[in-house]
Amino acid sequence: GDLSHLTIDELNEKISELHKKLPIAMRSGNAHLCNQLRMALESYSNKYQEKLRETQTKEFKDKINIQ
């Protein structure tokens, strides 16, 4: 789904939840569920990194670059 509506904090919370659920799924031996959790974790992590970069870009947009 579309994750762009989530804030950085919400994304971070989802990532934490998925990190907690993954070991449980691994212990259950359900490989399909583990793969699904890993894919979701990757999606949330990618969107989190993207939003962080956007935030940092906005913060420094008004600064003068002396190079």
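Just so it is clear, the model here is predicted, and its values are computed rather than measured. (Residues numbered from 1 in each chain as written. Predicted model: local features only at pLDDT ≥ 70, side-chain atom pairs only at ≥ 80, totals over all residues. Heavy atoms only, no water.)

I'm lost on the overall build of the chain in this one. Help?
Within the chain, the secondary structure is distributed over two helices and zero strands. Classification of the 67 residues of the chain by burial places 21% in the buried group. Restricting to contacts in the chain with at least 6 residues of sequence separation, those with at least 24 account for 64%. Of the accessible surface of the chain, which amounts to about 5500 Å², a share of 52% is contributed by carbon and sulfur atoms. (Helix = DSSP H or I, 4+ residues; strand = E, 2+ residues; numbered from the N terminus. Buried < 20%, exposed > 50% of the residue type's maximum accessible area, 1.4 Å probe, protein only. Contact = heavy atoms within 4.5 Å. Areas by Shrake-Rupley, 256 points an atom, 1.4 Å probe, with all protein chains shown as cover.)

What should I look at first to understand helix α1 (residues 8-28) in this one?
Side chains three or four residues apart in an α-helix point the same way, a direct result of the helix having 3.6 residues per turn. Here α1 is 21 residues long and its end C-alpha atoms lie 31 Å apart, about the 30 Å a rise of 1.5 Å per residue gives. Considered for burial, the residues of α1 that qualify are L11, I15, L18, L22 and A25. One or two residues past the end of α1 sits G29, with phi positive at roughly 80°. (Expected span 1.5 Å × (residues − 1).)

Where do I start with the pattern of salt bridges in this structure?
Two side chains carrying opposite charge are able to pair once their charged atoms lie near each other. Under the defined criterion, the tally for this structure stands at one salt bridge. Its salt-bridge partner being K47, residue E50 comes within 3.2 Å of it at the nearest N-O pair. Within this pair, E50 and its partner K47 are both found in helix α2 (residues 31-60), separated by three residues, close to a single helical turn. Residue classification places E50 among the partly exposed residues on the basis of a relative accessible area of 31%. Residue classification places K47 among the buried positions, given a relative accessible area of 16%. (Salt bridge = Lys/Arg side-chain N within 4 Å of Asp/Glu carboxyl O.)

So what exactly am I meant to see when it comes to the nonpolar core here?
The nonpolar side chains of a soluble globular protein tend to be buried with one another. Among the nonpolar cores identified, the biggest contains 12 residues, and these are L3, L6, L11, I15, L18, L22, A25, C34, L37, L41, Y44 and Y48. Mapped by element, the contributors of at least two residues to this core are α1 and α2. What Y44 contacts, discounting residues up to four positions off in sequence, is L3, L6, L11, K14, I15 and L18. (Core = buried A, V, L, I, M, F, W, Y, C linked by side-chain atoms within 4.5 Å.)

Explanation requested: the side chain of K51 in the structure shown.
Positionally, K51 belongs in helix α2. E54 provides the closest opposite charge to the buried, unpaired K51, separated from it by 5.6 Å. The contacts of K51, once residues within four sequence positions are left out, are L3, S4, L6, I8 and L11. (Lys, Arg positive; Asp, Glu negative; His and termini not counted.)

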